[in-house]
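Structural overview
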Amino acid sequence: TEPDQAKDLMRAVMDVPGPAQDNINQAAQFLANDYSAPTLGSIGWCFGGNWSLRTGLLLENLDAMAIYYGQLILAPEVLDGLDMPIIGFFGEDDTSIQVDDVTNFESMLAGMGKSADIH
């Protein structure tokens, strides 16, 4: 309910991502071990969109990933680790994520032969 507090919490996670990464790994293990999940996907909006992308880079067994207007990683050497179908949705008028970044992201993925459907 407090935007400034939310921003502080987001910054804290981005400054020290290890605990969030551990949480994601534990959640994936829980789903696989306790629920025998046959497939695993990641989806996120905004801050969570960036973390959906980070989850795709973190988990080798991720089967699908959806990004809804999250900040993108634009390093081909990092994105090369993505081996799942990707869908992304971005707003042309969203000032926090530049259209050029989305276009570059899409081009990078296509150039690496990744399965990505970016809107």
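What this report covers is the structure whose coordinates are included nearby. Keep in mind that this is a model prediction, so the values were computed, not measured. (Residues numbered from 1 in each chain as written. Predicted model: local features only at pLDDT ≥ 70, side-chain atom pairs only at ≥ 80, totals over all residues. Heavy atoms only, no water.)

Right, let's talk about the nonpolar core for a bit. If you look at the biggest cluster of nonpolar residues, it comprises 24 residues, and the most contacted ones within it are Leu53, Met65, Leu79, Leu82 and Phe105. Those elements giving two or more residues to this core turn out to be helix 2 (18-35), helix 3 (47-58), strand 2 (64-68) and helix 5 (99-111). Sequence-distant contacts of Met65, that is, excluding residues within four places in its chain, are made with Ser42, Ser52, Leu53, Gly56, Leu82, Met84, Pro85, Ile86 and Ile87. (Core = buried A, V, L, I, M, F, W, Y, C linked by side-chain atoms within 4.5 Å. Buried < 20%, exposed > 50% of the residue type's maximum accessible area, 1.4 Å probe, protein only. Helix = DSSP H or I, 4+ residues; strand = E, 2+ residues; numbered from the N terminus. Contact = heavy atoms within 4.5 Å.)

As for its position among the elements, Ser52 is in helix 3. At a separation of 2.9 Å, a polar atom in the side chain of Ser52 contacts the side chain of Ser42. Leaving out residues up to four positions away in the same chain, Ser52 has contacts with Ser42, Ile43, Gly44, Met65 and Ala66. (Polar contact = N/O pair within 3.5 Å; in protein donor to acceptor, adjacent residues only side chain to side chain.)

By the secondary structure assignment, Leu74 is in the loop between strand 2 and helix 4 (76-79). Residues Leu74 and Ala110 lie 36 residues apart in sequence; the distance between their C-alpha atoms is 13 Å.

The backbone phi angle of Ser36 is positive, close to 45°, even though this residue is not glycine. On the secondary structure map, Ser36 appears in the loop between helix 2 and strand 1 (41-45). On the accessibility criterion, Ser36 (55% relative accessible area) is exposed. In the Ramachandran plot, Tyr69 falls in the positive-phi region, its phi being about 45° despite a non-glycine side chain. For Tyr69, the location among the structural elements is in the loop between strand 2 and helix 4. The exposure class of Tyr69 is partly exposed, given its relative accessible area of 34%.

A few words on the packing of helix 2 against helix 3. Working note: a packed helix pair is described by the angle between its axes plus the distance between those axes. It is at 11 Å that the axes of helix 2 and helix 3 come closest, and there the two elements cross at 65°. Judged by the angle between their axes, helix 2 and helix 3 are roughly perpendicular. Crossing geometry of helix 2 relative to helix 3 is assigned as right-handed. Taking contact as the criterion, the partners of Ala20, Gln21, Ile24 and Asn25 in helix 2 are, on helix 3, Trp51, Thr55 and Leu58. (Axes fitted to C-alpha atoms, helices over the stretch in contact; angles between N-to-C directions. Parallel < 35°, antiparallel > 145°, perpendicular 65-115°, else oblique. Left-handed = near helix turned anticlockwise from the far one by under 90°.)

Glancing now at helix 5. Helix length check: helix 5 (13 residues) gives 18 Å between terminal C-alpha atoms against 18 Å at 1.5 Å per residue, within 8%. Looking at helix 5, one finds that the buried residues are Val102, Phe105, Met108 and Leu109. Projected down its long axis, helix 5 shows its buried positions confined to an angular sector of 130°, all on one face. Facing away from the buried side of helix 5 by over 90 degrees, the exposed positions are Asp100, Ala110 and Gly111. Residues of helix 5 that are buried make contact with helix 3, strand 2, helix 4, strand 3 (86-89) and strand 4 (116-118). Following helix 5 by one or two positions, Gly113 has its phi on the positive side, about 75°. (Expected span 1.5 Å × (residues − 1). Arc of directions from axis to C-beta.)

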